[in-house]
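Here's the letter readout for the chains.
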Amino acid sequence: MTVRLTGLTWDHPRGYLVLEALAGTLEPDVSVRWQRQPLEGFESRPLRTLADDFDLLVVDHPGLGEAVRDGALLPLDEVFSGQELAGWRAASAGASY
């Protein structure tokens, strides 16, 4: 079974270049279709409504606190196992985890 996810990032190299670089490194049964939008798009639509339409969001936005308050975003430890998180931590560069 293939897992198909949708993601949204902002239309700037800092928002999408790393996603393009990582595209071929996912598990063979996982695919992510990324959409881009200008920063203004994040300002005009609250993150809580974007979270209803996308599985993954890349955000760097002042509305992040509001989205957490509204329950639109979940902590990673509520979605992924401790073993998965530990693996990511071990594979992360420096303090990026």
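Our structure is the block above this text.
(A) Just helix 1 (residues 13–22), in detail. The complete set of buried residues in helix 1 reads Gly15, Tyr16 and Leu19. Along helix 1, the residues classed as buried sweep out an arc of 60° about the axis, all on the same side. Exposed and facing more than 90 degrees away from the buried side of helix 1 are Arg14 and Ala21. On the buried face of helix 1, the contacting elements are strand 1 (3–10) and strand 2 (30–37).

(B) Here's a closer look at the pattern of salt bridges. Per the stated rule, a full pass over the model turns up six salt bridges. Put simply, Arg48 and Glu66 hold a salt bridge, and the shortest N to O gap is 2.6 Å. On the criterion of sequence distance, the pair formed by Arg48 in helix 3 (residues 47–53) and Glu66 in helix 4 (residues 64–69) is long-range, its members being 18 residues apart. For Glu66, a relative accessible area of 34% gives the class partly exposed. Its salt-bridge partner being Arg69, residue Asp70 comes within 3.0 Å of it at the nearest N-O pair. On the accessibility criterion, Asp70 (31% relative accessible area) is partly exposed.

(C) Examining a nonpolar patch on the surface more closely. A surface patch of nonpolar side chains, amounting to about 320 Å² of accessible area, comprises Leu76, Trp88 and Tyr97. Topologically, Leu76 is positioned in the loop between helix 4 and helix 5 (82–91).

(D) Molecular detail of the environment of Leu85. Residue placement: Leu85 occurs in helix 5. Owing to a relative accessible area of 10%, Leu85 belongs among the buried residues under this scheme. Put simply, Leu85 and Tyr97 are twelve residues apart on the chain and 9.2 Å apart in space, counted from C-alpha to C-alpha.

(E) Spotlight on the pairing of strand 2. One ladder, built from eight bridges, connects strand 1 with strand 2; its direction is parallel. Considered in strand 2, the bridge of Gly7 is made with Trp34. For the handedness criterion, the β-α-β arrangement of strand 1, helix 1 and strand 2 is classed as right-handed.

(F) Representation of the packing of aromatic side chains. Across all of its chains, the model carries one aromatic pair by this definition. Aromatic pair Phe80 and Trp88: ring centres 4.8 Å apart, planes at 70°, arrangement edge-to-face. Take Phe80: its relative accessible area is 30%, and that puts it in the partly exposed class. One residue, Arg36, lies across the ring of Tyr16, its end atom 3.5 Å from the ring centre.

Thresholds, definitions, all that
- Residues numbered from 1 in each chain as written.
- Predicted model: local features only at pLDDT ≥ 70, side-chain atom pairs only at ≥ 80, totals over all residues.
- Heavy atoms only, no water.
- Buried < 20%, exposed > 50% of the residue type's maximum accessible area, 1.4 Å probe, protein only.
- Helix = DSSP H or I, 4+ residues; strand = E, 2+ residues; numbered from the N terminus.
- Arc of directions from axis to C-beta.
- Contact = heavy atoms within 4.5 Å.
- Salt bridge = Lys/Arg side-chain N within 4 Å of Asp/Glu carboxyl O.
- Patch = residues over 30% accessible without salt bridge, like charges linked within 9 Å, V, L, I, M, F, W, Y side chains within 5 Å.
- Areas by Shrake-Rupley, 256 points an atom, 1.4 Å probe, with all protein chains shown as cover.
- Pairing = 2+ DSSP bridges.
- Right-handed = clockwise from strand over helix to strand, strands pointing away.
- Phe/Tyr/Trp six-rings, centres within 6.5 Å; stacked < 30°, edge-to-face > 60°.
- Lys NZ or Arg CZ within 6 Å of the ring centre and 35° of its normal.

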